[in-house]
Amino acid sequence: MKVLKFGGTSVANAQNIKLVLEIVKQKAEKDKVVVVVSALSKVTDLLQSAAAKAAANDESFREVVAEIEKKHLDTLKELIPVSEQSSLLSHVKRIINHLETLLDGCFLLGELSPRTADTILSFGELLSSYIIAQAYQQIDKNAVYKDSRELIKTDNNFGKAAVNFEVSNQLIKEYFASNESKINILPGFIAQTVDGITSTLGRGGSDYTAAIIAGAIDAEQLEIWTDVNGMFTANPKIVKQAQPIANISYQEAMELSHFGAKVLYPPTIQPVLRKNIPILIKNTFEPEAVGTLISDTVLSKDTVVKGISHIDNISLLTLEGPGMIGVAGSSRRLFEVLSQEKINVIFITQASSEHSICIGILNSDAENAEAAINRAFEIEIAQNKIDPCYVEKDLCIIALVGENMKNHQGLSGRMFSTLGKNNVNIRAIAQGASERNISTVINERDVKKALNTLHENFFEENTKQLNLFVMGVGNVGEKFIEQIHSQKKFLKDNLKINVRVIALSNSRKMIFDEDGISLKNWDSALSEGEPASIEEFIAKAKELNLRNSIFVDITANATVSEAYEKFLKESIAVVTCNKIACSSAYDNYKKLKSLSRQYNAPFLFETNVGAGLPIIDTVKNLIASGDKVHKIQAVLSGSLNFIFNNFDENNSFHDVVKEAGVQGFTEPDPKIDLSGIDVARKILILIRESGYEMDIDAIANESFLPAECLATTNNEDFFASLIKHASHFEGIYKEALAKDSRLKYVAQFENGKASVGLQFIPKDHPFYNLEGKDNIVLFYTDRYVDQPLLIKGAGAGAAVTASGIFADVIRIGNI
């Protein structure tokens, strides 16, 4: 014999109930079956609402009753032929009238006792089971309806009654031994005291009803039919990549269900565990799916962690003080107090010094528990032997569960390291000697990030998800998005990195999508986004609180660079081609580097110098390996190199600068390049990365631009000034020809001094043959004395700059 239980979503409406009837019909062809059903979806909530309103003298409880009545009558009418509806509708209405009478009593008395509440809540299952039994009798007239209250007997603890198994098992055995029907349909959740008063088994107790019956009759299997494909490695509503668990042990299922896995009601497993009766969890809406088999056998020794679960709305209570050290009975007194207040303790941890003990309880119990504990220890508190109970609310417990965890070393460290890397602060830790469960208490706002991070680490073949918040989608930004889109599959297949763009912003609009923005039509989506705001952008990134978040700055905006500190403090990595932050005041530069280390949030800016060339990374490796940089010579502006390589007697200086802008080599404001400030920033960053302290005003900037050009305030005036001073630029060119030299804008550092400026480069110099938009850097170090370390390549252009940014993102993915 098999016991089948169908939850509220499975019997939510007539359409779903028809699926249930078909499943039962197929099962009954092979086995004798017992069918246990929950109330129609949301009906228990409606009953609770009606009861609360009636007790509060709120007449609107009648509207709730009318809604309950309509829901059940509509369901019955859709399931039963019209010719047979009359008597059944009358029966349902009589039940509803009885319910309304009870609620009238609550209304008149202005109170709701636990006993009355149980009776009111029982109507959900009584109505659903009656309707479903009548509907199945349209298929098989021999199907039998049985009231569970006649079989399951409990104590008088209304709301969550304890089952009298000795009496209940005997009644269940006797009934099914004498019953010949292949199908018995019963209401779940409800029971009866030995005095004949209706009681309930607690919310979710329909599973318990089914398990009690299965255990009593030694059923072949207990099947729990719900709206998901079994138990998952994590809550699929929070972790999109959660996977169904095919096989799991009783103990593992108990742990997961205790820690919030909603598929099972925690006590459910006990009655069948004692009899080693397997539990199969199936999906009513995908009956062909495998589901999850819970048994006493762990089939896979390879899976160390079976699942990650959590409990929300937790408060952590801490009792501590020197008066607890070596004093016998402190813990007993604490738990006695909580027991007397009927407060369930979910989590316990105690320091080996005996100086403190922490317990986790529901937020709703925290205030009561705090007052009770302080009363119990008021003498010790008054004597300053123990501190008043300290309460932290809005926390969450996360649990790593697996039968095989005890056989593997380092799981706790792996768990804590994974959380720490994403700035998830652990408030308390507990682990039993069985090592079947490692539990941690964290801030509730971090739960989504924590679950996804742990799931990624333990279940997703080490695939690391990177969540990008991109600001700036001009030439470089557009190329960056294009590269991500084209390389997405390669990264996932080969590097196990899943890159998602969560946010995009330009100067006018911004968009967010927690599941990742489609990169096929991102530009049209952005054009319809909300107004851009750096403050709102930061707030949204903080609110989403996604794991492995990276802020990507592809602007040249000072205000944006000032936001790096806020991102780093939220453990959001920063990747930037914006040179302003790293060339700002030295104290600010050091502060950002320090915050990066403190919050374990990478701060990468390879493209600050040389676009996609590995210049900064090379300097870092030199310094890390113990080398020391003494001298730097460089052509660091691809745009200026392009300009001076193409400026000649046939191409005016103005026209060449214009062309450089068209090809994306210059900044939006070309004066930044031509004034030398951009090159000064770059050499300053290299000097700092080489281990020297310097600010930008210490760099000699020998500008080749006339004062009038430098004084312009917009691009139109700037280009007009280039035309006006054409003879000045022609004179520089002619001087270079006369000296048989080429013009290069050179940055150099030696003996603690730095300068940038236009130089006449002779034919025998390494810079002479530097073509196009190329950059070149020469490092003279302890190890590279006679022949400098030389790095050369394209130093400007949207594609190469975007690839440099992309490389920094991948570096973070490989950390």
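Scroll up for the structure.
The rules behind the values
Residues numbered from 1 in each chain as written. Predicted model: local features only at pLDDT ≥ 70, side-chain atom pairs only at ≥ 80, totals over all residues. Heavy atoms only, no water. Pairing = 2+ DSSP bridges. Helix = DSSP H or I, 4+ residues; strand = E, 2+ residues; numbered from the N terminus. Phe/Tyr/Trp six-rings, centres within 6.5 Å; stacked < 30°, edge-to-face > 60°. Lys NZ or Arg CZ within 6 Å of the ring centre and 35° of its normal. Core = buried A, V, L, I, M, F, W, Y, C linked by side-chain atoms within 4.5 Å. Buried < 20%, exposed > 50% of the residue type's maximum accessible area, 1.4 Å probe, protein only. 1 Å grid on protein atoms, 1.4 Å probe; cavity = no way out; pocket = protein on both sides within 12 Å on 5 of 7 lines; lining within 4 Å. Points joined across faces, edges and corners; volume = space filled by probe spheres on them. Nonpolar A, V, L, I, M, F, W, Y, C, P; charged D, E, K, R; others polar. Right-handed = clockwise from strand over helix to strand, strands pointing away. Bend = angle between axes of the 7 residues up to and from the residue. Contact = heavy atoms within 4.5 Å. Axes fitted to C-alpha atoms, helices over the stretch in contact; angles between N-to-C directions. Salt bridge = Lys/Arg side-chain N within 4 Å of Asp/Glu carboxyl O.

Q: I'm lost on the sheet that holds strand S6 (residues 190–193) in this one. Help?
A: Hydrogen bonds along the backbone pair up the strands of a sheet, which may run parallel or antiparallel. A sheet is described by the order of its strands in space; here three strands give the open sequence S4-S6-S7, paired in mixed fashion. The strands lining the two open edges of the sheet, one partner per strand, are strand S4 (153–154) and strand S7 (198–200). In the sheet, S4 pairs with S6 via two bridges, with the strands oriented parallel. Opposite lysine 153, over in S6, you have glutamine 192 as the bridge partner.

Q: How do you make sense of the packing of aromatic side chains when you look at a structure like this?
A: In this description, a pair of aromatic rings is defined by centroid distance and the angle of the planes. Evaluation of the coordinates by the stated rule reveals 23 aromatic pairs. When the ring of phenylalanine 469 is compared with that of phenylalanine 537, the centres are 6.4 Å apart and the planes differ by 85°; the resulting orientation is edge-to-face. Linking phenylalanine 469 in strand S18 (residues 464–471) with phenylalanine 537 in helix H17 (residues 534–544), this pair joins segments that are 68 residues apart in sequence. The rings of Phe469, Phe512, Phe537, Phe551, Tyr564, Phe567, Phe603 and Phe605 are connected pair by pair, giving a single aromatic cluster. One Lys or Arg, lysine 620, reaches over the ring of phenylalanine 605 and ends 5.2 Å from the middle of that ring.

Q: How should I be thinking about the nonpolar core in this particular structure?
A: Across soluble globular proteins, nonpolar side chains show a tendency to be buried alongside one another. Phe551, Phe653, Leu686, Phe704 and Phe779 are the most contacted members of the largest nonpolar core, which has 80 residues in total. If you tally residues by element for this core, the top one is helix H25 (residues 677–689), at seven residues. Core analysis: the next-biggest nonpolar cluster, separate from the first, contains 55 residues, Ala39, Val65, Tyr130 and Ile183 among them.

Q: Help me understand empty space enclosed by the protein in this model?
A: Over the atoms rolls a probe the size of a water molecule, and in doing so it shows where empty space is left. Scanning all chains against the criterion turns up two cavities of 30 Å³ or more. Estimates place the volume of the largest cavity at around 120 Å³. Across the lining of the largest cavity, the residue classes break down as two nonpolar, four polar and seven charged. Size it by volume and the second largest cavity reaches roughly 60 Å³.

Q: Even after reading the chapter, I still don't get the pairing of S18, so can you show me in this structure?
A: Looking down a regular strand, the side chains alternate between one sheet face and the other. Burial runs high along S18: eight of the eight residues are buried. A two-sided burial pattern is seen for S18, the buried positions comprising Lys464, Leu466, Leu468 and Val470 on one face and Gln465, Asn467, Phe469 and Met471 on the other. Here S18 pairs with strand S19 (residues 497–505) via eight bridges, running parallel. Counted as the bridge partner of asparagine 467 is arginine 500 from S19. Note that the unit made of S18, helix H15 (residues 475–495) and S19 has a crossover that is right-handed. Both S18 and strand S22 (residues 549–553) contribute to a ladder of five bridges, which runs parallel. Bridge assignment links valine 470 to a residue of S22, and that residue is valine 552.

Q: It is not clear to me how H15 should be interpreted in this structure. Could you clarify?
A: Owing to its 3.6 residues per turn, the α-helix aligns residues three or four sequence positions apart on the same side. Of all bends in H15, the biggest is about 55°, found at glutamine 487. When H15 is considered as a whole, its buried residues turn out to be Val476, Gly477, Phe480, Ile481, Gln483, Ile484 and Leu491. Contact partners of the buried residues in H15: S18, S19, helix H16 (522–527), S22 and helix H29 (798–813). Of the residues flanking the end of H15, it is lysine 496, one or two places downstream, whose phi is positive at about 55°.

Q: How should the packing of helix H23 (residues 653–662) against helix H27 (residues 715–724) be read in this particular structure?
A: Think of two packed helices as two axes; the pair is described by the angle between the axes and how far apart they sit. In the contact formed by H23 and H27, the axes pass within 8 Å of each other and the chain directions differ by 150°. Residues Phe653, His654, Val657 and Lys658 of H23 form the contact with H27, whose participating residues are Phe719, Leu722 and Ile723.

Q: Where do I start with the side chain of aspartate 808 in this structure?
A: Position of aspartate 808 relative to the elements: it lies in helix H29. With sequence-adjacent residues up to four places away left out, aspartate 808 is seen in contact with Val575, Leu604, Phe605, Glu606 and Thr607.

Q: Looking at this structure, how should I read the sheet that holds strand S14 (residues 356–362)?
A: Spatial strand order, S13-S14-S12-S15-S17-S16: six strands in an open sheet with antiparallel pairing. Edge strands, defined here as strands with exactly one partner in the open sheet, are strand S13 (347–350) and strand S16 (426–431). Geometrically, the sheet is characterised by an average inter-axis angle of 30° between neighbouring strands, direction not taken into account. The pairing of strand S12 (residues 307–320) with S14 spans seven bridges and is classified as antiparallel. Across the sheet, residue threonine 318 finds its bridge partner in S14, namely cysteine 358.

Q: Quick question: what am I supposed to make of the pattern of salt bridges here?
A: Think of it this way: side chains of opposite charge can pair up when their charged atoms draw near. According to the stated counting rule, one finds 35 salt bridges in the structure shown. Note that aspartate 493 is salt-bridged to lysine 489, the shortest N-O span being 2.6 Å. One end of the pair is aspartate 493 and the other is lysine 489, both in helix H15 and four residues apart, which spans about a single turn. Note on lysine 489: relative accessible area 61%, which makes it exposed.

Q: Help me understand the environment of glycine 196 in this model?
A: Structurally, glycine 196 can be placed in the loop between S6 and S7. When the C-alpha atoms of glycine 196 and isoleucine 623 are compared, they prove to be 82 Å apart, with 427 residues separating the residues in sequence.

Q: How should unusual backbone geometry be read in this particular structure?
A: Keep in mind that most residues, glycine aside, have a negative phi and that most peptide bonds are trans. Despite not being glycine, aspartate 394 has its phi angle at roughly 55°, a positive value. A positive phi is found at serine 571, a non-glycine position, where the angle reads about 60°. By the secondary structure assignment, serine 571 is in the loop between helix H19 (564–569) and strand S23 (573–576).

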